[in-house]
Amino acid sequence: MSAEPAGAAGTPLPVLVLSGMLCDAGLWSEVAFPEGHEIRHLPLTEPDIGRQADRVLGAVPGPFVLAGHSLGAIVGFEVVRRAPDRVAGLCVMSTNAGAPRAGQYAAWRELDALIAGGDFTEAVERTLPGMFGSPRPGPARAERYRRMACAVGPEAARAQLAAQATRTDALAALRTADCPAVVLHGTRDALCPPSFHAAITAALPRGQRREVEGAGHLLPWERPEAVSTALRDLLAEAETARRTPAGPPVRTPR
């Protein structure tokens, strides 16, 4: 007898994990994912948010839980826009659902020009100050980030920069996400401040916001226990919702 497809009734929901720009699966190395669920890390290699979202939707059949960090969460927003019925649970962190600002376009063009000119190392260094709760994170953390960025490499980095420029405002799409959702953010995230996450939570019909004191942008590294707890709670709620007859959406008090 063949095995049931991922996400089929009676089997645990798979978890699709999308890391942020210049990050890979190592970002989640200290996160304790709930046992019994297929965990699939999907690299961001498409130069277009929509094309990347289609790759996510093609990764598994049926419903799934999506965990996204930064750019990975932005891809997750597009997944919700295209197929809200497929997303059984949503965990997003250190991110922004708004459209790009003029200054961001300019910064991305500058980084892309550096990489295209062969100076990937300098491009990575320019991103480093915004990654942690302090712009001077210490040599061990800085070197860990550099190693991860180098593992992602210049080709994928340029694709991710191009994808950033295809973003659109996602708040309207999030209002169609009738699934349990948790929004995580550090109080010292220099790239995506608390106000961004408050807007995301307000748009999600079943959104819960969890603020992590003192943490910066790379939340799965800085506070893996907070991410682990959020995923455990989300998956439990998503599995319960799958077994419960659908009713009108109820906003969780915040």
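No experiment lies behind these values; they were computed from the predicted model shown. (Residues numbered from 1 in each chain as written. Predicted model: local features only at pLDDT ≥ 70, side-chain atom pairs only at ≥ 80, totals over all residues. Heavy atoms only, no water.)

1. Some thoughts on the state of the cysteines
Within the structure shown, the criterion is met by zero disulfides. Unpaired in terms of disulfides, Cys 91 finds its nearest cysteine sulfur in Cys 179, a separation of 11 Å. Looking at Cys 91, the relative accessible area reads 0%, which means it is buried. (Disulfide = S-S within 2.5 Å. Buried < 20%, exposed > 50% of the residue type's maximum accessible area, 1.4 Å probe, protein only.)

2. Some words on helix H2 (residues 71-82)
Since the α-helix advances by 3.6 residues per turn, residues separated by three or four positions end up pointing in the same direction. With 12 residues, H2 should reach 16 Å at 1.5 Å per residue; the first-to-last C-alpha distance of 17 Å fits that figure. Among all positions in H2, only Leu 71, Gly 72, Ala 73, Ile 74, Val 75, Gly 76, Phe 77, Glu 78, Val 79 and Val 80 are buried. (Helix = DSSP H or I, 4+ residues; strand = E, 2+ residues; numbered from the N terminus. Expected span 1.5 Å × (residues − 1).)

3. Section: the pairing of strand E3 (residues 64-69)
Two faces, one strand: in a regular strand the side chains alternate between the faces of the sheet. The element E3 is largely enclosed, with a buried count of six among its six residues. The two faces of E3 match: Phe 64, Leu 66 and Gly 68 on one face and Val 65, Ala 67 and His 69 on the other face are all buried. Between the parallel elements E3 and strand E4 (residues 87-93), the chain passes through H2 in a crossover that is right-handed. (Right-handed = clockwise from strand over helix to strand, strands pointing away.)

4. Notes on the packing of aromatic side chains
Applying the stated criterion across every chain yields a total of three aromatic pairs. Aromatic side chains Tyr 105 and Trp 108 sit 5.8 Å apart centroid to centroid with 85 degrees between the ring planes, which places their arrangement in the edge-to-face category. With a gap of three residues between them, Tyr 105 and Trp 108 both fall in helix H3 (residues 102-116), about one helical turn apart. You can call Tyr 105 partly exposed: its relative accessible area is 29%. On the accessibility criterion, Trp 108 (11% relative accessible area) is buried. On the basis of an interplanar angle of 25 degrees and a centroid distance of 6.3 Å, the ring pair of Phe 132 and Trp 221 is categorised as stacked. Taken together, the positions of Phe 132 in the loop between helix H4 (120-127) and helix H5 (139-164) and Trp 221 in helix H8 (residues 219-222) put the pair 89 residues apart, joining distant regions of the chain. (Phe/Tyr/Trp six-rings, centres within 6.5 Å; stacked < 30°, edge-to-face > 60°.)

5. Re empty space enclosed by the protein
The final tally for this structure, using the stated rule, is three cavities of 30 Å³ or more. Here the largest cavity defines a volume of roughly 40 Å³. Of all the secondary structure elements, the ones that give two or more residues to the lining of the largest cavity are strand E6 (207-212) and helix H9 (224-242). Across the lining of the largest cavity, the residue classes break down as three nonpolar, one polar and three charged. (1 Å grid on protein atoms, 1.4 Å probe; cavity = no way out; pocket = protein on both sides within 12 Å on 5 of 7 lines; lining within 4 Å. Points joined across faces, edges and corners; volume = space filled by probe spheres on them. Nonpolar A, V, L, I, M, F, W, Y, C, P; charged D, E, K, R; others polar.)

6. Here's the deal with the layout of surface pockets
Size it by volume and the largest pocket reaches roughly 580 Å³. Going through the elements one at a time, H2, H3, H4 and H5 are the ones with two or more residues in the lining of the largest pocket. The biggest single contributor to the lining of the largest pocket is H3, with five residues. Residue composition of the lining of the largest pocket, by class: 15 nonpolar, 10 polar and four charged.

7. A few points about the confidence of the model for the protein
Taken as a whole, the protein shows an average pLDDT of 93; of its residues, 93% reach a score of 70 or greater. Overall, residues 1-5 carries pLDDT values under 50, and its contacts beyond four positions in sequence, including any with other chains, amount to four contacts. (pLDDT = per-residue confidence, 0-100. Contact = heavy atoms within 4.5 Å.)

8. Concerning the packing of helix H1 (residues 49-57) against H2
Look at H1 against H2: their axes get within 8 Å of each other, and the N-to-C directions meet at 75 degrees. With respect to H2, the axis of H1 lies roughly perpendicular. Here Ile 49, Gly 50, Gln 52, Ala 53, Asp 54, Val 56 and Leu 57 of H1 come into contact with H2, specifically with Leu 71, Ile 74, Val 75, Glu 78, Val 79 and Arg 82. Residue classes in the contact of H1 with H2 are distributed as eight nonpolar, two polar and three charged. (Axes fitted to C-alpha atoms, helices over the stretch in contact; angles between N-to-C directions. Parallel < 35°, antiparallel > 145°, perpendicular 65-115°, else oblique.)

9. Considering the pattern of salt bridges
When the charged atoms of two side chains lie near each other, side chains of opposite charge can form a pair. The tally for this structure, following the rule as stated, stands at 18 salt bridges. One salt bridge in this structure joins Glu 30 and Arg 144, with 3.2 Å as the shortest N-O distance. In this pair, Glu 30 is assigned in the loop between strand E1 (15-18) and strand E2 (39-41) and Arg 144 in helix H5, connecting sequence segments 114 residues apart. With relative accessibility at 44%, the residue Glu 30 sits in the partly exposed group. For Arg 144, a relative accessible area of 24% puts it in the partly exposed group. In this structure, Arg 81 engages Glu 78 in a salt bridge whose closest nitrogen and oxygen atoms are separated by 2.8 Å. Of the two residues, Arg 81 and Glu 78 are both situated in helix H2; the distance of three residues between them amounts to about one turn of the helix. Arg 81 gets classed as partly exposed once you look at its relative accessible area, which sits at 35%. (Salt bridge = Lys/Arg side-chain N within 4 Å of Asp/Glu carboxyl O.)

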